[in-house]
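# Coordinate inspection notes
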Amino acid sequence: MKSITIITQSHICRNPRVWKEGQALAKKGYKVVILTTFYDEKLYKEDLRLLNKLNIEYKCYADLRRGKRNTLQQFYLKVLRRLGGWLTKYKIKNSALALGYGPKQLYNMALKQNADLYICHQEMASYIGTKLLQNNKKVVFDIEDWYSEDLLPMARKARPIKLLKKIEQNALATTLSWTTSEIMAQKMAAVYKTNMPAVVYNTFPKRKKKEAIDYKDRVDHSKASLFWFSQTIGPGRGLEVLISALHHIEQPLELHLRGNISASYRSLLEEKFPDKECQTLHFHSLVLNEELPARIAEHDIGFALESKEPLSRNYTITNKILQYLEAGVAVIASKTEGQIEVAVLAPEAVFLFEQEKSLIDAIKLLLSNRDLLVEAKSKARQSYLKSFLWEKQEEKLCQLIEAALSN
C-alpha cells in the first residue's frame with residue numbers, strides 16, 4: 001500500500017480542500033496521513049468528527065491549543081514566529097519562521113513519515129516541500145493561493161515575499177503541481193516561465209437535491225432573499241458597497257449575512273442599512289460545513305464580492321461562488337479574473353459587476369424579473385453539475401497522484 005502524507009497548517013474543518021483530498025485518496029486505498037497545526041480545541045473536535053470512519057491518520061506538529069501541558073513549547077513556537085516576522089519586516093532576513101509555527105518540527109515529523117508521496121498545502125507546507133525535494137523525497141504541491149501575491153500591503157510587510165517566490169518557482173519548475181483556477185495557472189506559469197500547473201476546482205461532492213427546502217433563516221417568503229457568508233463578517237469585504245447599493249433598490253427584500261461579527265461592526269451595518277420597511281437585515285452564526293448548502297439554498301441571490309487586490313484574490317476562485325452554484329441560487333459577482341472564469345462556464349447563473357452602478361443594475365434586473373431569477377437559480381445547479389462537480393475534480397486529482405507516484 002502506497003503512503004501519502006498531506007502537509008498543511010490549519011484545521012481541516014477550516015480547509016475542506018485538504019479533507020476532500022485526504023478522503024479521495026483514502027477511498028483509493030492509499031495510506032493517508034495529514035500533518036497540521038492544532039490551534040483550537042473546538043475546531044479539533046470538529047476535525048475528528050469529519051474524519052470519523054475514514055482511514056486517515058491525523059497528526060499534529062505544533063499544538064497551540066489552550067490548556068495543554070506543553071505551554072513552554074507553545075511559548076517557544078510563538079516567540080520564534082514573532083521573531084521571523086520581525087526579521088522579515090525589518091529586512092534583516094526573509095525568514096521561514098514568518099510563514100508559520102515550527103518549520104523545524106514540521107520538517108522532522110514529515111521525514112519520519114517516510115511517505116511515498118508528500119502533498120503540500122499553504123505557505124509553510126510548501127516551504128517544507130522544497131526541503132523534502134532536496135532530500136530526494138517525492139513531493140507535489142497543491143497551490144491554494146498565489147502566496148507571494150497574497151494579502152494587502154500592510155500585512156505583507158512581515159511576509160517573506162522573496163522566499164515565497166523562490167518556493168513557487170521551485171514548485172512549478174521541478175515537480176507536479178495544481179491550483180484553483182485556469183487563470184491562476186496561466187498567470188503563474190507566465191511569471192515563472194514554467195509549464196502550467198493543473199487545475200482542480202475547489203468544489204464539493206454531489207448533494208441530493210431535496211424536493212422541499214428546509215427554511216430556517218428566511219422570514220418573509222413574499223420578499224426576495226439575498227445572501228452573503230464568510231468566516232468573518234467585517235470591513236473590506238464589499239459589504240459596505242452592497243448596503244450602499246441597496247439604497248437604490250425599491251423592491252422588498254431580506255439581506256442575510258452569515259459569519260462571526262463584532263458588536264461594533266454589526267451596529268455599523270445596521271446603521272448604514274436602508275431605512276425602508278420593505279427591506280430587512282438579518283445576521284446568522286456559522287454552521288457546520290455539511291449544513292451550509294441547505295442554508296444557502298433558502299435564498300434567491302448569493303453575493304461574491306471579491307476584490308481585485310491583491311492579485312491572488314483576483315485570480316483565484318473562492319469556495320463562495322461555487323457553493324452558491326451548488327446550492328442552486330443566482331449569483332451576483334464582482335468582475336475578478338477568477339469569477340469571470342466561472343461566469344463563462346455558468347453564463348445564465350452568474351451576473352458580473354464592476355462598479356456600484358453595475359451592482360445596482362444587476363440587483364434590479366433580477367428582482368424585477370421573476371422568471372429570469374427562477375431560470376438563473378435553475379441554471380446555477382445545472383452549471384455546477386456540468387462543470388464543477390467535485391466527483392470530476394476528484395477523478396482528476398487521483399490521476400495526478402497516480403502520475404506523481406509512477407514518475
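One can find the structure itself at the top, above this paragraph.
Residues numbered from 1 in each chain as written. Predicted model: local features only at pLDDT ≥ 70, side-chain atom pairs only at ≥ 80, totals over all residues. Heavy atoms only, no water.

## A short note on helix H15 (residues 356-368)
- Spanning 13 residues, H15 covers 18 Å between terminal C-alpha atoms, matching the ideal 18 Å at 1.5 Å per step.
- Those residues of H15 lying buried are Leu359, Ile360, Ala362, Ile363, Leu366 and Leu367. Down the axis, H15 shows its buried residues gathered within 160° of arc, on one side only. Exposed side of H15, more than 90 degrees from the buried face: Lys357 and Ser368 are the residues found there. (Helix = DSSP H or I, 4+ residues; strand = E, 2+ residues; numbered from the N terminus. Expected span 1.5 Å × (residues − 1). Buried < 20%, exposed > 50% of the residue type's maximum accessible area, 1.4 Å probe, protein only. Arc of directions from axis to C-beta.)

## A closer look at empty space enclosed by the protein
- Across all of its chains, the model carries two cavities of 30 Å³ or more by this definition.
- Here the second largest cavity is characterised by a volume of approximately 30 Å³.
- Residue lining of the second largest cavity: Ser126, Phe141, Ile143, Tyr147, Ile167, Glu168 and Ala171, and that is the complete set.
- Taken together, the elements giving at least two residues each to the lining of the second largest cavity come down to strand E5 (139-143) and helix H7 (161-174).
- With three residues, the single largest contributor to the lining of the second largest cavity is H7.
- Looking at the lining of the second largest cavity, its residues break down into five nonpolar, one polar and one charged. (1 Å grid on protein atoms, 1.4 Å probe; cavity = no way out; pocket = protein on both sides within 12 Å on 5 of 7 lines; lining within 4 Å. Points joined across faces, edges and corners; volume = space filled by probe spheres on them. Nonpolar A, V, L, I, M, F, W, Y, C, P; charged D, E, K, R; others polar.)

## As for the packing of aromatic side chains
- Applying the stated criterion across every chain yields a total of nine aromatic pairs.
- A ring pair is formed by phenylalanine 227 and tyrosine 324, whose centres lie 6.4 Å apart and whose planes are at 80°; its orientation type is edge-to-face. Within this pair, whereas phenylalanine 227 is found in strand E8 (residues 224-233), its partner tyrosine 324 is found in helix H13 (residues 319-327), the two being separated by 97 residues in sequence.
- Among the residues examined, phenylalanine 227 registers a relative accessible area of 1% and is labelled buried.
- Taken together, the ring pairs in this structure connect Phe38, Tyr44 and Tyr58 into an aromatic cluster.
- We note arginine 81 situated over the ring of tyrosine 101; from NZ or CZ to the ring centre the distance is 5.0 Å. (Phe/Tyr/Trp six-rings, centres within 6.5 Å; stacked < 30°, edge-to-face > 60°. Lys NZ or Arg CZ within 6 Å of the ring centre and 35° of its normal.)

## Some details on the pairing of strand E11 (residues 301-304)
- Taking every second residue as pointing to the same face, both faces of E11 are buried, with Ile301 and Phe303 on one and Gly302 and Ala304 on the other.
- Pairing of E8 with E11, which is carried by two bridges, proceeds in the parallel orientation. Bridged to leucine 226 within E11 is isoleucine 301. (Pairing = 2+ DSSP bridges.)

## Some remarks on the environment of isoleucine 233
- Along the chain, the position of isoleucine 233 falls in strand E8.
- Looking at isoleucine 233, the relative accessible area reads 3%, which means it is buried.
- In the structure, isoleucine 233 is positioned 24 residues away from leucine 257 in sequence and 7.6 Å away in space, judged by C-alpha atoms.

## Observations concerning the pattern of salt bridges
- Taken as a whole, this structure holds 24 salt bridges when the rule is applied.
- Linking lysine 27 and glutamate 394 is a salt bridge whose minimum nitrogen-to-oxygen distance equals 3.3 Å. Pair noted here: lysine 27 is in helix H1 (residues 16-27) and glutamate 394 is in helix H17 (residues 390-406), with a separation of 367 residues, a long-range link.
- A residue is classified by how much of its surface remains accessible, and lysine 27, at 59% relative accessible area, is exposed.
- Glutamate 394 gets classed as buried once you look at its relative accessible area, which sits at 16%.
- One salt bridge connects lysine 320 with glutamate 306, and the closest N-O pair in it is separated by 3.8 Å. (Salt bridge = Lys/Arg side-chain N within 4 Å of Asp/Glu carboxyl O.)

## Brief notes about helix H9 (residues 239-246)
- Among all positions in H9, only Leu239, Leu242, Ile243, Ala245 and Leu246 are buried. Take H9 and look down its axis: the buried residues cluster within an arc of 155°, on one side only.
- Elements in contact with the buried residues of H9: E8, strand E9 (253-261), helix H10 (263-272), strand E10 (279-284), E11 and H15. (Contact = heavy atoms within 4.5 Å.)

## Here we look at the pairing of strand E13 (residues 350-353)
- Note that strand E12 (residues 330-334) and E13 share four bridges and pair parallel. When the bridges of E13 are listed, isoleucine 332 appears paired with phenylalanine 351.

## Some details on the sheet that holds E13
- Pairing is parallel across the open sheet formed by six strands, whose spatial order is E10-E9-E8-E11-E12-E13. Only two strands of the sheet have a single neighbouring strand rather than two, namely E10 and E13. Strand-to-strand twist of the sheet, defined as the mean angle between neighbouring strand axes without regard to direction, takes the value 25°.
- Bridge count for E9 against E10 is six bridges, and the pairing is parallel. Bridge pairing links histidine 256 to histidine 282 in E10. (Axes fitted to C-alpha atoms, helices over the stretch in contact; angles between N-to-C directions.)

## Considering the nonpolar core
- Core analysis: the largest hydrophobic core is formed by 61 residues, its most contacted members being Phe303, Leu325, Ile332 and Ile363.
- Not counting chain neighbours up to four residues away, the residues in contact with phenylalanine 303 comprise Leu226, Phe227, Trp228, Leu242, Lys320, Tyr324, Ile332, Leu359 and Ile363.
- Formed by 35 residues, the second largest nonpolar core is a distinct cluster that contains Leu35, Ile128, Leu132 and Val139. (Core = buried A, V, L, I, M, F, W, Y, C linked by side-chain atoms within 4.5 Å.)

Geometric values such as these leave the question of function open.
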